[in-house]
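For reference, the chains in residue letters:
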Amino acid sequence: MTVTILGIESSCDDTSAAVIRNGVMLSNIIAGQDVHRRYGGVVPELASRAHQQNIIPVVAEALRCAGVEKSELNAIAITFGPGLLGSLLVGVSFAKGLSASLRIPLVDVNHLQAHVLAHFIRRTPDDTSAPSFPFLCLLVSGGNSQIIRVEDYDRMEVIGRTIDDAAGEAFDKCAKVMGLDYPGGPVVNRLAAEGNPKAFTFAKPHIPGYDYSFSGLKTSFLYTLRDCLKKDRNFIENHKADLCASLQSTIVDILMNKLLQASNDSGIKTLALAGGVSANTALRESFAHYALRYGWEAHIPLLAFTTDNAAMVAVSGYFKYLKKDFCRMDAVPFARVTIG
Ligand code: KG4
């Protein structure tokens, strides 16, 4: 049986479409939205408009690159949340229209689960690099920092989550107070390469279980800047690389310590990274280092699958399609949805 799925992602500020056949990626097109850069963050109304502009050309390009006709599609997989409601509505409305006109099922996909299932996107028919169940996934993005216990494609449990800011927010907000560009995470990553990760010490949280907290670190970072700026007006400019390296190393330590604790307690030694922050060089290196030290089977996503993309939506839709887990045409997206 050949199953060909068109996946569409429009939950935030990337319009993406991808075609997957029997789990193998044939195309994955992403249109970003530069319009938000000058505002220092995503502006929801502008994001919805840009999705409206992008969605038809992006889907057409995904089909063209895959060499697939619309008539060959078996289902449309679409992100139903979490995300910005206006952005989600553009993708869902388009997907519903296409599914109705082609008379094929619509499959609703949870964006967070899709990030985890990105590890099951096969690049070639003989690609067997996917993790085996059960595994633990550290999902770190601009809106989430979670440790997820993954039992199956459709059985996941969040065992740890942030009680305040997400790791990506910590990167972005600290970058903003240093006057760096948005999004700050990649800029901090770049500048940190030249800095000393031990130059500054910032507060680390002490909270029970596998939960995260980044608000204390943010405050500690802010207070360090405030105190040092009193003595040296050019403190940030003079210590930018060291500040970035120390901030990055603190965030990575916080993330990895809890993940190690979760692995030790559960005895699960298959571990994966996912989400936008998993593009961070220091996090990827630290994850690989822990894997060597603690005998983990480590799954680090390709950079292309760390950001929002429709290939992860299409592969999630593929597994639901196999179970005939389709979505009703009167279903609506939600801005806030969790895993499980
Ligand atoms: O998953 P994502 O693309 O979007 C959502 O949050 O849904 O994640 C975006 C976040 C931003 O906070 C961005 O600063 C962060 O991922 N990020 C990084 C890096 N690349 C993206 N943070 C640190 N280092 C990076 N290289």
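Residues numbered from 1 in each chain as written. Predicted model: local features only at pLDDT ≥ 70, side-chain atom pairs only at ≥ 80, totals over all residues. Heavy atoms only, no water.

**What to know about the domain arrangement of the protein chain**
Then step 1. Partitioning the protein chain into structural domains gives domain 1 (4-128 + 305-322) and domain 2 (135-302).
Then step 2. For domain 1 versus domain 2, the distance between C-alpha centres works out to 27 Å.
Then step 3. Between domain 1 and domain 2, the residue contacts involve 15 residues of the former and 24 residues of the latter.
Then step 4. When domain 1 packs against domain 2, close to 1,700 Å² is buried across both sides, 71% of that on carbon and sulfur atoms.
Then step 5. In terms of surface lost to domain 2, no three residues of domain 1 exceed V116, H119 and T306, which account for 36% of the buried area on that side.
Then step 6. At the boundary of domain 1 and domain 2, one finds zero salt bridges.
Then step 7. Our count for the contact surface shared by domain 1 and domain 2 stands at five residue pairs in polar contact (both at pLDDT 80 or more).
Then step 8. At five residues, the largest contribution of residues to the side of domain 1 that touches domain 2 is made by helix α3 (residues 111-117).
Then step 9. Of the residues belonging to the side of domain 1 that touches domain 2, the class tally is seven nonpolar, six polar and two charged. (Domains from an automatic or database assignment. Contact = heavy atoms within 4.5 Å. Buried area = accessible area lost by both parts, 1.4 Å probe. Salt bridge = Lys/Arg side-chain N within 4 Å of Asp/Glu carboxyl O. Polar contact = N/O pair within 3.5 Å; in protein donor to acceptor, adjacent residues only side chain to side chain. Helix = DSSP H or I, 4+ residues; strand = E, 2+ residues; numbered from the N terminus. Nonpolar A, V, L, I, M, F, W, Y, C, P; charged D, E, K, R; others polar.)

**Observations concerning the pattern of salt bridges**
Then step 1. Tallying each qualifying case throughout the model produces 16 salt bridges.
Then step 2. For D154, the salt bridge goes to K323, with nearest N and O atoms at 3.0 Å. Taken together, the residues D154 in the loop between β7 (145-152) and β8 (155-161) and K323 in the segment after α9 (310-322) connect sequence positions 169 residues apart.
Then step 3. On the basis of relative accessible area, D154 is assigned to the partly exposed category, the value being 42%.
Then step 4. Each of the salt bridges in this network shares a partner with another, and the network as a whole consists of D165, E169, K173 and K218. (Buried < 20%, exposed > 50% of the residue type's maximum accessible area, 1.4 Å probe, protein only.)

**Considering unusual backbone geometry**
Then step 1. For the bond from G81 to P82, the omega torsion is 0°, close enough to zero to count as cis.
Then step 2. With omega at -10°, the peptide bond leading from F133 into P134 counts as cis.
Then step 3. Mapping P134 onto the fold places it in the loop between α3 and β6 (135-140).
Then step 4. Notably, N22 is not glycine yet its phi reads approximately 50°, a positive angle.

**Some remarks on the packing of helix α4 (residues 167-177) against helix α7 (residues 235-266)**
The packing of two helices is summarised by the inter-axis angle and the distance between the axes.
Then step 1. The geometry of α4 relative to α7 is characterised by a closest axis approach of 11 Å and an angle of 170° between their N-to-C directions. Regarding the angle of α4 to α7, the classification is roughly antiparallel. Read as a crossing pair, α4 and α7 show a hand that is right-handed. Side by side, α4 and α7 meet where A167, A170, F171, C174 and V177 of the first sit next to I236, L247, Q248, I251 and L255 of the second.
Then step 2. Here the contact of α4 with α7 is built from residues that sort into nine nonpolar, one polar and no charged. (Axes fitted to C-alpha atoms, helices over the stretch in contact; angles between N-to-C directions. Parallel < 35°, antiparallel > 145°, perpendicular 65-115°, else oblique. Left-handed = near helix turned anticlockwise from the far one by under 90°.)

**With respect to α9**
Then step 1. Between the first and last C-alpha of α9 there are 18 Å, a value that for 13 residues agrees with the 18 Å anticipated at 1.5 Å per step.
Then step 2. Summarising burial for α9: 11 of the 13 residues are buried, a large majority.
Then step 3. Of all the positions in α9, only A310, A311, M312, V313, A314, V315, S316, G317, Y318, F319 and Y321 are classed as buried.
Then step 4. In the core, the buried residues of α9 are packed alongside β1 (4-9), β2 (15-21), β3 (24-31), β4 (75-81), β5 (106-110) and α3.
Then step 5. With a side-chain oxygen lying 3.1 Å from the backbone nitrogen of A311, the N-terminal cap of α9 falls on N309.
Then step 6. Directly beyond the C-terminal end of α9, a positive phi value near 55° is found at K324. (Expected span 1.5 Å × (residues − 1).)

**Some points on the side chain of S213**
Then step 1. Mapped onto the fold, S213 is located in the loop between α5 (184-192) and α6 (215-231).
Then step 2. Judged by its relative accessible area of 9%, S213 is buried.
Then step 3. Residue contacts for S213: discarding those within four places in its chain leaves T162, I163, D164, P205 and I207.

**Regarding α4**
Then step 1. Taken residue by residue, α4 has A167, G168, A170, F171, C174 and A175 as its buried positions. With its buried residues spanning 165° around the axis, α4 presents them on a single face.
Then step 2. Looking one or two residues past α4, G179 carries a phi angle of roughly 80°, positive in sign. (Arc of directions from axis to C-beta.)

**What about the site of the ligand?**
Then step 1. Residues in close proximity to the ligand total 17 residues, the closest being G142, D172, N189, G276 and N280.
Then step 2. Elements represented by at least two residues in the shell around the ligand include exactly α4 and α5.
Then step 3. A per-class count over the shell around the ligand returns five nonpolar, 10 polar and two charged.
Then step 4. Viewed by domain, the shell around the ligand spans two of them, domain 1 (4-128 + 305-322) and domain 2 (135-302), each represented by three or more residues. (Near = heavy atom within 4 Å.)

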